[in-house]
Amino acid sequence: MAGRFGTKHAGTGSPWGKTGPWEPTALTWRMNVPSLLLAGGRWRCFPLPLGYSLFQALHNSCCRKESTAPKKIIPHVDFSDETAKESGKTLDKLFSSEQQASILHVLNTASNKELEAFKLLRGKKSLNIVEHREKFGPFPNLESLMNVPLFQYKITIQVCNSILNPETEGKKKKLQESRLLRKLIKPEIGRERVKAVNSIVSIVSGTRRIAWAHLDRKLAVLDWQQTEYCQLMKGSYLSSVYLEEISSIISKMPKADFYVLEKTGPSFQNPSLFPVLLHFHMTEAMLYALLNTTFARDGRHQVLSVNRNAVGKHFELMIGDTRTSGKEVVKQLLSESVLRDEPRVFFPPEKIVRYRQMFSSTEHNRVEELYDSLLQAIAFYELAVLNTES
C-alpha cells in the first residue's frame, strides 16, 4: 500500500515491517527528510510546514536543546573578607601600640562634633563612626574601623594619621595667612620676615609721576610725596635715561625694611598700549634693581609687588574689574586723623597741615599715584602684617 511517506509493508501499521525498515522513495527523501529529528536517541518522523528547510529544523532543535538543558553554575569565590583581613593586619603594623591606643580612644569617646574637628572626618564619616559605635560597641582595633561605611584601607590610614597629628587652629590660621600672602605679594617671602617689618615705603608709578608713602607698623605716616618724570615717556625709552631719572628719585626716598611696588599694567591684548606697558616694566625693573641693595649678597628680597586689585577690594574701590579713584578715602583718612582719638591712620601733628595743603592743592587734578601710594601702604600693613600677628 502506498502511503503519504512511502510504501508500507503488508500486514503492519507502520513504515517498518517485521522483516526490515521502510524504504522511502527519492521524492519522499527530498520532501520529508527535514522532518526527521533526533529525540531521546530515536529518529521520529513528523510533518513540517511548507518551505521549512533542513537547516532551520536542525537549528531550532539545537536551540531548543540548549535552552532546556540545565546551566552549569560556576561557584563564586569572594576574596573581600580575605583582603580586608590582610589589610587590617597591615594597618595594625603601621602604628605602635601607644599610637593605636590614642587613635582608638578618640574613635570610641569623641562625639560627632568632636570628630568633625578632624578635616577627614567631616560630614558623613563622623556620623557613620558614631552610628557604628552605638550599634556594635567600641572599636576593638584599627582593623574594625574598615567595617564602617566609607572607610576603605587608604582612607583609614589617612584618618589615623590625622588623629595623631591634628591640624590645630594655629596651624590652620598660618596656612590661611600663607595663602593670602601668596595672592597679595610677589615674590614669596617668609611669614616671619613680614611680621618683623618696622617700616615700609609704598611706591606707585604712572606715566607722568611717581609717588611714595613711608609708614611704620603703627600706621603713622612718616613721609608722603610725589615727583614728576614726564621725560621718560618721550624719546626712544633709553635704559640710560631711566637709570638716571629713577636713581635721582630713589635718592630722595627714605630707608625702610621693604619697598612695596604696585603690580599693574595694561593688557597685552591692546597693542596701542604697548608703549605704556613698556614704560611700566622698565620703571619696575629699575626699582627692583636699585632698591634691592643687598640681594647680591644674601639673596633676600627687599622689593615686593602688591596686587593692585587686592588693595582696591580692601578699600571697596572695585566696580567689577575696574578700580575707581581713592581720593575720597584719603580725604576721609585725613579728617579722621584730626577728629578721632584713635584714627585708622596717624598723621603727625607737625606734618598734618602740610599734607592737608598738599591734598587740597592736588584735589582738582588726577594725581591717583599720590592717593594710591598711601592706600597701598595701609593695605599692606592691615592685610599682610597686622593680620599675621598671633
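You'll find the structure just up there.
Thresholds applied
Residues numbered from 1 in each chain as written. Predicted model: local features only at pLDDT ≥ 70, side-chain atom pairs only at ≥ 80, totals over all residues. Heavy atoms only, no water. Helix = DSSP H or I, 4+ residues; strand = E, 2+ residues; numbered from the N terminus. Buried < 20%, exposed > 50% of the residue type's maximum accessible area, 1.4 Å probe, protein only. Contact = heavy atoms within 4.5 Å. Pairing = 2+ DSSP bridges. Axes fitted to C-alpha atoms, helices over the stretch in contact; angles between N-to-C directions. Patch = residues over 30% accessible without salt bridge, like charges linked within 9 Å, V, L, I, M, F, W, Y side chains within 5 Å. Areas by Shrake-Rupley, 256 points an atom, 1.4 Å probe, with all protein chains shown as cover. Salt bridge = Lys/Arg side-chain N within 4 Å of Asp/Glu carboxyl O. Lys, Arg positive; Asp, Glu negative; His and termini not counted. Charge placed at Lys NZ, Arg CZ, Asp CG, Glu CD. Parallel < 35°, antiparallel > 145°, perpendicular 65-115°, else oblique. Nonpolar A, V, L, I, M, F, W, Y, C, P; charged D, E, K, R; others polar.

Engineer: How should I be thinking about the overall build of the protein chain in this particular structure?
Structural biologist: For the protein chain, the helix and strand inventory stands at 16 helices and 10 strands. A burial count over the protein chain gives 38% of its 390 residues as buried. A sequence separation of at least 24 residues applies to 60% of the contacts in the protein chain between residues at least 6 apart.

Engineer: I tried to follow the pairing of strand β5 (residues 209–216) on my own but got confused; where do I start?
Structural biologist: Each regular strand displays side chains that alternate between the two surfaces of the sheet. Across the 8 residues that make up β5, a large majority, 8, are buried. In β5, alternate side chains face the same way, and those of R209, A211, A213 and L215 on one face and I210, W212, H214 and D216 on the other are all buried. Counting the residues between successive antiparallel strands, the hairpin from strand β4 (residues 199–205) to β5 contains 3 residues. Relative to strand β6 (residues 221–228), β5 runs antiparallel, the two being bridged by 7 bridges. Bridging from a neighbouring strand, L215 pairs with V221 of β6. Counted along the chain from β5 to the antiparallel partner β6, the turn is 4 residues long, and its residue L219 has a positive phi close to 60 degrees.

Engineer: Which parts of the structure should I look at to understand the side chain of S199?
Structural biologist: Tracing the sequence through the fold places S199 in strand β4. Those residues in contact with S199 that lie beyond four places of it in its chain are H214, L215, D216, K255, A256, D257, F258 and Y381.

Engineer: How do you make sense of the sheet that holds β4 when you look at a structure like this?
Structural biologist: Strand pairing in a sheet relies on backbone hydrogen bonds, with the paired strands running either antiparallel or parallel. If you walk across this open sheet you meet the 6 strands as β3-β8-β7-β4-β5-β6, and the pairing is mixed. A single partner strand is all that each edge strand has here, and the edge strands are β3 (185–186) and β6. Here β3 pairs with strand β8 (residues 303–307) via 2 bridges, running antiparallel. Residue I185 lies in a different strand from β8, and its bridge partner there is V306. Each of β3, β4, β5, β7 (258–263) and β8 is contacted by helix α11 (residues 274–291), which is oriented at about 140 degrees to β8, the strand it contacts most.

Engineer: Which parts of the structure should I look at to understand a positive patch on the surface?
Structural biologist: A surface patch of positive charge is lined by K119, R122, R179, R182, K183, K186 and K313. With 3 residues, the single largest contributor to the positive patch is helix α8 (residues 169–184). With respect to the helices, strands and loops of the structure, R122 is situated in the loop between α5 (112–115) and α6 (124–136). Classification of R122 by relative accessible area gives partly exposed; the value is 43%.

Engineer: Any chance you could explain the pattern of salt bridges here in plain terms?
Structural biologist: Pairs may arise between side chains of opposite charge once their charged atoms sit close together. Within this structure, the stated rule accounts for 9 salt bridges. Between R209 and E369 there is a salt bridge; the shortest N-O distance is 3.2 Å. Of this pair, R209 sits in strand β5 while E369 sits in helix α16 (residues 368–385), placing them 160 residues apart in sequence. Since its relative accessible area comes to 10%, R209 is described here as buried. Judged by relative accessible area, which is 13%, E369 ranks as buried. Between E336 and R340 there is a salt bridge, and its shortest N-O distance comes to 3.8 Å.

Engineer: I tried to follow the pairing of β7 on my own but got confused; where do I start?
Structural biologist: Burial within β7 is extensive, with 5 of its 6 residues counted as buried. In terms of strand pairing, β4 meets β7 through 4 bridges, oriented parallel. Opposite S202, over in β7, you have V260 as the bridge partner. Across 5 bridges, the pairing between β7 and β8 is parallel. Of the residues in β8, the one forming a bridge with L261 is S305.

Engineer: How should I be thinking about the packing of helix α4 (residues 97–109) against helix α7 (residues 153–164) in this particular structure?
Structural biologist: In a packed pair of helices, the relevant descriptors are the angle between the two axes and the axis-to-axis distance. Running from N to C, α4 and α7 cross one another at 95 degrees; their axes reach a closest spacing of 10 Å. With respect to α7, the axis of α4 lies roughly perpendicular. Along the contact surface, α4 presents Q99, S102, I103, V106 and L107, while α7 presents C160, I163 and L164. Looking at the contact of α4 with α7 residue by residue, the class counts come to 6 nonpolar, 2 polar and no charged.

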